[in-house]
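The lines below spell out each chain.
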Amino acid sequence: MLAGGSSRRFGEADKLAAVYGGMPLLHHAVLRLAEITGDVVVTIAPGVSEPTMPPGAPVRFARDAREGEGPLAGAAAGLAAVDRDLTVIAGGDMPELSTAVVFHMLEVALQAEVDAVALQHDDRFRPLPVVVRTRASRDAAHALLHGGERSLRVWLQALRLAVIDEPTWTALDPTRATMRDVDVPGDLDPH
């Protein structure tokens, strides 16, 4: 599942349609997740056209209930469209996800009694990418949204969370490309 935000820091352009490494930014994340699952859900804002997808990519779309409700609402909309025990959530602006890292996150989720698996980055965990138990995380997201919360970090802290330490996941991704995201136009240069 891919979620996107309003891209305020990026400016007026459609960030996910911007070209990164020869194709739209969103296509990179879609193709990486398609290597892991045959069911990629892309959450989009209400009233916008569905973006073009890479040919043959196993993509379907979910829509936020209301525009501008934040990342937790986007995740909840995507989770509502998923009927599997585990869901991988990544940002549409994360073009270099390591499939090895994501597969390791899935292994940890399957082996541990947790609701979510995140990656440590510096002195704290990053909320994306994340692997979640769909039902538990969906229920927690709805409860938090009902209370006015919009933060992915707060949501994950409300779940039984396992955090994979930095030395473990960087052994699978020494360049730390999994954490790369595009926030401003200057981030479009893949080097």
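Shown above is the structure to which this text applies.
Notes on the structure in this doc start here. (Residues numbered from 1 in each chain as written. Predicted model: local features only at pLDDT ≥ 70, side-chain atom pairs only at ≥ 80, totals over all residues. Heavy atoms only, no water.)

As for its position among the elements, Val-154 is in helix 5 (residues 152-157). What makes Val-154 partly exposed here is its relative accessible area of 30%. C-alpha of Val-154 to C-alpha of Pro-95: the two residues are 59 residues apart in sequence and 25 Å apart in space. Apart from residues no more than four positions distant in its own chain, Val-154 is found in contact with Leu-144 and Glu-149. (Helix = DSSP H or I, 4+ residues; strand = E, 2+ residues; numbered from the N terminus. Buried < 20%, exposed > 50% of the residue type's maximum accessible area, 1.4 Å probe, protein only. Contact = heavy atoms within 4.5 Å.)

Put simply, helix 2 (residues 71-80) and helix 4 (residues 134-146) touch, their axes get as near as 9 Å, and they point 140 degrees apart. Put simply, helix 2 runs oblique to helix 4. Here the hand of the crossing between helix 2 and helix 4 comes out left-handed. Residues Leu-72, Ala-73, Ala-76, Leu-79 and Ala-80 of helix 2 touch helix 4, and the partners they reach there are Thr-134, Ser-137, Arg-138, Ala-141, His-142, Leu-144 and Leu-145. Taken together, the residues that form the contact of helix 2 with helix 4 break down as eight nonpolar, three polar and one charged. (Axes fitted to C-alpha atoms, helices over the stretch in contact; angles between N-to-C directions. Parallel < 35°, antiparallel > 145°, perpendicular 65-115°, else oblique. Left-handed = near helix turned anticlockwise from the far one by under 90°. Nonpolar A, V, L, I, M, F, W, Y, C, P; charged D, E, K, R; others polar.)

Let us now look at unusual backbone geometry. Of the consecutive residues Leu-128 and Pro-129, the connecting peptide bond is found in the cis state with omega at -5 degrees. Note that Pro-129 resides in strand 8 (residues 124-133). Positive phi values are uncommon outside glycine, yet Asp-122 reaches one of about 60 degrees. With respect to the secondary-structure elements, Asp-122 resides in the loop between strand 7 (116-121) and strand 8. The phi dihedral of Arg-176 falls on the positive side, at around 60 degrees, and the residue is not glycine.

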